[in-house]
Amino acid sequence: MQDASSTFRVACSNCNLRELCLPVGLSSEQMERVDDVVAVRRKIKRGGMLFRNGEAFTSLYAIRTGFFKTCVATEDGRDQVTGFQMAGEIIGLDGIVNDHHSCDAVALEDAEVCVMPFDRIEEISREVTALQHHVHKIMSREIVREHGVMLLLGSMRAEERLAAFLLNLVQRLHARGFSQSELVLRMTREEIGSYLGLKLETVSRTFSKFVEEGIVEVKQRHVRIQDPEALKRIVNSQQEFR
């Protein structure tokens with residue numbers, strides 16, 4: 001790994017993101033035990049890899065600050081983006097099934113993660129069943145998200161895909177205390193296109209169409225959603241992916 005791990009300990013009980021990462025309603029004794037889940041924090045520079053495709057799976061990572069993309073290399077050498085992850089979300093679940101990661105995780109900006117060795121999660125889960133239940137919920141959420149993406153790629157037009165993407169992004173950011181209508185895109189238009197199965201020109205053209213119709217305002221990577229109801233109508237009442 002090119003990024004050195006931080007060596008200081010971290011207490012989940014003092015973290016302002018704990019309600020997003022951990023089960024709620026734990027007793028102080030359980031919280032003390034759960035504090036032992038996190039080994040260290042690790043800083044990753046923008047463009048740096050948290051883990052690579054094929055690398056041995058040892059840990060899950062709770063994103064403390066920053067933004068990541070997960071991607072796989074296609075046969076013709078292009079990067080296919082499979083997801084975007086933000087603070088308060090868990091990354092690395094792909095490695096559980098075969099004990100190896102099946103994608104690359106790349107920081108889209110300087111980031112910090114809490115490293116949670118999976119053997120430690122399993123050990124503590126046996127004592128704190130709420131933690132085990134929470135891990136299962138996170139895995140289930142990932143399955144639901146993947147089904148949503150399949151629906152998105154299989155049956156939606158370009159406008160519907162981009163509208164669903166923006167609604168999903170702003171909803172996740174709002175859960176972290178950010179604005180319901182304004183966001184800064186940490187990913188490029190090309191990366192959005194790769195994720196949504198659209199060409200770069202189609203992404204740019206669709207953004208321009210939304211601007212012309214007064215649905216969004218775009219200044220480089222800053223996006224202001226002026227008419228969220230219009231975006232919801234575009235999605236055609238299909239469920240936005242989580």
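Once a new chain begins, its residue numbering starts again from 1 and follows that chain's sequence as written. In keeping with the predicted nature of the model, local features appear solely for residues at pLDDT of at least 70, side-chain atom pairs appear and are counted solely at 80 or more, and the whole-chain, interface and lining totals rest on all residues. Hydrogen atoms and water are omitted, and side-chain values are computed over all heavy atoms in the structure.

Draft legend 1. Expanded view of the pairing of strand E7 (residues 104-107). Exposed residues in this analysis have more than 50% of their type's maximum accessible area, buried residues have under 20%, and partly exposed residues fall in between, with area computed by a 1.4 Å probe over protein chains only. Secondary structure follows DSSP: runs of H or I at least 4 residues long count as helices, runs of E at least 2 residues long count as strands, and numbering of each begins at the N terminus. The alternating pattern of E7 places Asp104 and Val106 on one face and Ala105 and Ala107 on the opposite face, and all of these are buried. Here, any two strands with at least 2 DSSP bridges between them count as paired. Of the pairings in the sheet, the one linking strand E2 (residues 49-51) to E7 comprises two bridges and is antiparallel in character. Across the sheet, residue Met49 finds its bridge partner in E7, namely Val106. Two elements, strand E4 (residues 67-73) and E7, share four bridges in a ladder whose sense is antiparallel. Residue pairing in the sheet places Thr70 in a bridge with Ala105 of E7.

Draft legend 2. Summary view of the pattern of salt bridges. Note on definitions: salt bridges are taken to be side-chain nitrogens of Lys or Arg within 4 Å of carboxyl oxygens of Asp or Glu. Counted according to the given criterion, the structure contains 12 salt bridges. Among the ionic pairs, Arg157 bridges to Glu159, the shortest N-O distance being 3.1 Å. Since its relative accessible area comes to 18%, Glu159 is described here as buried. Glu229 is the partner of Lys232 in a salt bridge, and the nearest nitrogen-oxygen pair spans 3.5 Å.

Draft legend 3. Region of interest: helix H7 (residues 200-212). By this rule, a helix spans an expected 1.5 Å times one less than how many residues it contains. Spanning 13 residues, H7 covers 18 Å between terminal C-alpha atoms, matching the ideal 18 Å at 1.5 Å per step. The elements touched by buried residues of H7 are helix H5 (158-174), helix H6 (189-196), strand E10 (216-219), strand E11 (222-225) and helix H8 (228-234). Residue Gly214 follows H7 closely and has a positive phi angle near 75°. In this description, contact between two residues means that some pair of their heavy atoms is separated by no more than 4.5 Å.

Draft legend 4. Just the sheet that holds E2, in detail. Read from one edge to the other, the open sheet built from four strands follows the order E2-E7-E4-E5, with strand pairing classed as antiparallel. On the outer flanks of this sheet lie E2 and strand E5 (79-86), each paired with one strand and no other. Strand after strand, the sheet turns through a mean of 30° between neighbouring axes, direction not considered. The angle between two axes is taken between their N-to-C directions and runs from 0 to 180 degrees, where each axis is a line fitted to C-alpha atoms and a helix contributes only its stretch in contact. Strands in contact with H5 are E4 and E5; relative to E5, the strand with the most contacts, it is inclined by about 30°. Where H6 meets the sheet, it contacts E4 and E5, and its direction lies at approximately 105° from that of E5.

Draft legend 5. Just the nonpolar core, in detail. By nonpolar core we mean a set of buried residues, namely Ala, Val, Leu, Ile, Met, Phe, Trp, Tyr and Cys, connected to one another through side-chain atoms within 4.5 Å. Within the largest apolar cluster, 35 residues are counted, with the highest numbers of intra-cluster contacts made by Phe165, Leu169, Met187, Ile192 and Phe210. The greatest single-element share of this core, amounting to 10 residues, is contributed by H5. Domain start and end points were adopted from an automatic or database domain assignment. Taken domain by domain, the makeup of this core includes at least three residues from each of domain 1 (12-152) and domain 2 (156-236). Formed by 22 residues, the second largest nonpolar core is a distinct cluster that contains Cys21, Leu22, Phe57 and Ile124.

Draft legend 6. Here's a closer look at the sheet that holds E10. Read from one edge of the open sheet, three strands run E9-E11-E10, paired in antiparallel fashion. Two strands in the sheet have a free side with no partner beyond their single neighbour: strand E9 (182-184) and E10. Direction aside, neighbouring strands of the sheet carry axes that sit 15° apart on average. When E10 meets E11, the two strands line up antiparallel, connected through four bridges. Looking at the pairing, Lys219 lines up with His222 of E11. Where H7 meets the sheet, its contacts fall on E10 and E11, and the angle it forms with E10 comes to roughly 125°.

Draft legend 7. Up close: H6. The element H6 is extensively covered by neighbouring structure, given that six of its eight residues are classed as buried. The complete set of buried residues in H6 reads Glu191, Ile192, Gly193, Ser194, Tyr195 and Leu196. Immediately beyond the C-terminal end of H6, within one or two residues, lies Gly197, with a positive phi of roughly 70°.

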